[in-house]
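The chain contents come next:
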Amino acid sequence: MPTTPAPQPDTRTSKTLHNGIEVLELLSRSPHGLSVTEVAEGIGVHRTVAHRLVRTLEEHRLCKRDSFKRITLGPGLVALAESVEVDLREVARPVLADLAEAQGATAHLVVPEGGDEARALMVVEPRHARAHIAFRTGRVDPLDKGSAGLALLSAMPPRRGEREEVSLARRRGYAVSHAEVTNAVTGVSAPVAGPRGDPVASIGISVLELDDPAPFGEAVVEAARLIAGMLHLP
């Protein structure tokens, strides 16, 4: 009986580059770091191959090792991400401005920082509201606190022990929090999902008084969809 030939590798792509990208993606899901052996097992290559990949990424500061030889993402990725964040800010700016004015509330764009934190990339305050929340761009909060972080988590695979608010956000498309990162402030945020469903950012509003989050939820979900469409994301 004739045998079926084994699939041939796609000669139009670089296997080494593919493996290197897989290492970075694996590390992005492992905030506490991995050993070389774990990297090898995670991408399905020999330990020697994984070691060479890690050394190459280290030379470009795309990953680093701590004193326990655990490998994590490196600072070189920040420089690569800066141009992406510039594009994201430019796309999001008018959407945030419209959201802030329409809702009479401070609007914010927040991006994931490492594996456990969220950073405010842009904050837009309403021009005509009698009172509104003010907080600085660059502020970093725990990923599992506040509507922005909860919205980011809702676009990620479920984690062991995650809060019920994250599951609820997955079901309705937006997250709600109250007094978690700032006293007396309620936040409503929705994730801006990337091509694979991973969160590129979250967009939301912060208010002092909120009786019904649903109208704000609908508004931030629509804003998130608009930003994703402008970035040519699914």
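Residues numbered from 1 in each chain as written. Predicted model: local features only at pLDDT ≥ 70, side-chain atom pairs only at ≥ 80, totals over all residues. Heavy atoms only, no water.

### Comments concerning a negative patch on the surface
Taken together, Glu 209, Asp 211, Asp 212 and Glu 218 make up a surface patch of like negative charges. Checked against the element boundaries, Glu 218 lands in helix 7 (residues 214–230). (Patch = residues over 30% accessible without salt bridge, like charges linked within 9 Å, V, L, I, M, F, W, Y side chains within 5 Å. Areas by Shrake-Rupley, 256 points an atom, 1.4 Å probe, with all protein chains shown as cover. Salt bridge = Lys/Arg side-chain N within 4 Å of Asp/Glu carboxyl O. Lys, Arg positive; Asp, Glu negative; His and termini not counted. Charge placed at Lys NZ, Arg CZ, Asp CG, Glu CD. Helix = DSSP H or I, 4+ residues; strand = E, 2+ residues; numbered from the N terminus.)

### Points about the pattern of salt bridges
Under the defined criterion, the tally for this structure stands at ten salt bridges. A salt bridge links Glu 38 to Arg 70; the nearest nitrogen and oxygen atoms lie 3.0 Å apart. Note that Glu 38 is positioned in helix 2 (residues 36–43) and Arg 70 in the loop between strand 1 (63–65) and strand 2 (71–73), a separation of 32 residues in sequence. The exposure class of Arg 70 is partly exposed, given its relative accessible area of 26%. As a salt-bridge pair, Arg 171 and Glu 164 come within 3.3 Å of each other at their nearest N and O atoms. Each of Arg 163, Glu 165 and Glu 180 takes part in salt bridges that share partners, so that together they form one network. (Buried < 20%, exposed > 50% of the residue type's maximum accessible area, 1.4 Å probe, protein only.)

### Re the pairing of strand 7 (residues 186–193)
The buried fraction of strand 7 amounts to seven of the eight residues, a majority that puts the element mostly inside the structure. Bridging between strand 6 (residues 175–178) and strand 7 involves four bridges; their strand directions are antiparallel. Pairing of His 178 across the sheet is with Thr 186, part of strand 7. Across eight bridges, the pairing between strand 7 and strand 8 (residues 199–207) is antiparallel. Its bridge partner lying in strand 8, Thr 186 is registered against Val 207. (Pairing = 2+ DSSP bridges.)

### Concerning the nonpolar core
Judged by nonpolar contacts, the single largest core of 30 residues is most densely connected at Leu 96, Leu 99, Leu 109, Ile 203, Ile 205 and Ile 227. Put simply, the parts of the chain that give this core at least two residues each are helix 4 (76–103), strand 3 (106–113), strand 4 (117–124), strand 7, strand 8 and helix 7. Here the element with the most residues in this core is helix 7; it accounts for eight residues. Excluding residues within four positions of it along the chain, Leu 99 makes contact with Ala 107, Ile 203, Gly 204, Ile 205, Ala 219, Val 220 and Ala 223. With 16 residues, the next largest nonpolar core counts Val 23, Leu 24, Val 54 and Leu 57 among its residues. (Core = buried A, V, L, I, M, F, W, Y, C linked by side-chain atoms within 4.5 Å. Contact = heavy atoms within 4.5 Å.)

### Remarks on the sheet that holds strand 5 (residues 140–142)
The six strands lie next to each other as 5-4-3-8-7-6, forming an open sheet whose pairing is antiparallel. On the outer flanks of this sheet lie strand 5 and strand 6, each paired with one strand and no other. On average, each strand axis in the sheet is tilted by 30 degrees relative to the strand beside it, whichever way the strands run. Relative to the sheet, helix 7 contacts strand 3, strand 7 and strand 8, its axis offset from that of strand 7 by approximately 30 degrees. (Axes fitted to C-alpha atoms, helices over the stretch in contact; angles between N-to-C directions.)

### Let's talk about the packing of helix 2 against helix 3 (residues 47–59)
With their axes 8 Å apart at the nearest point, helix 2 and helix 3 run at an angle of 105 degrees to one another. Relative to helix 3, the element helix 2 is oriented roughly perpendicular. Side by side, helix 2 and helix 3 meet where Val 36, Thr 37, Val 39, Ala 40 and Ile 43 of the first sit next to Arg 47, Ala 50, His 51, Leu 53 and Val 54 of the second. Taken together, the residues of the contact of helix 2 with helix 3 break down into seven nonpolar, two polar and one charged. (Parallel < 35°, antiparallel > 145°, perpendicular 65-115°, else oblique. Nonpolar A, V, L, I, M, F, W, Y, C, P; charged D, E, K, R; others polar.)

### Here's the deal with the confidence of the model for the protein
Averaged over every residue, the pLDDT of the protein is 86; residues scoring 70 or more account for 87%. The low-confidence segment residues 1–9, where pLDDT is below 50, has zero contacts with residues more than four positions distant or belonging to other chains. (pLDDT = per-residue confidence, 0-100.)

### Structural notes on the side chain of Ser 189
Locating Ser 189 in the fold gives a position in strand 7. Relative accessible area serves as the criterion here: at 0%, Ser 189 is assigned to the buried category. Polar side-chain contacts of Ser 189 include one of 3.4 Å to the backbone nitrogen of Ala 148. Excluding residues within four positions of it along the chain, Ser 189 makes contact with His 108, Ser 147, Ala 148, Ala 151, Tyr 174, Ala 175, Ile 203, Gly 204 and Val 220. (Polar contact = N/O pair within 3.5 Å; in protein donor to acceptor, adjacent residues only side chain to side chain.)

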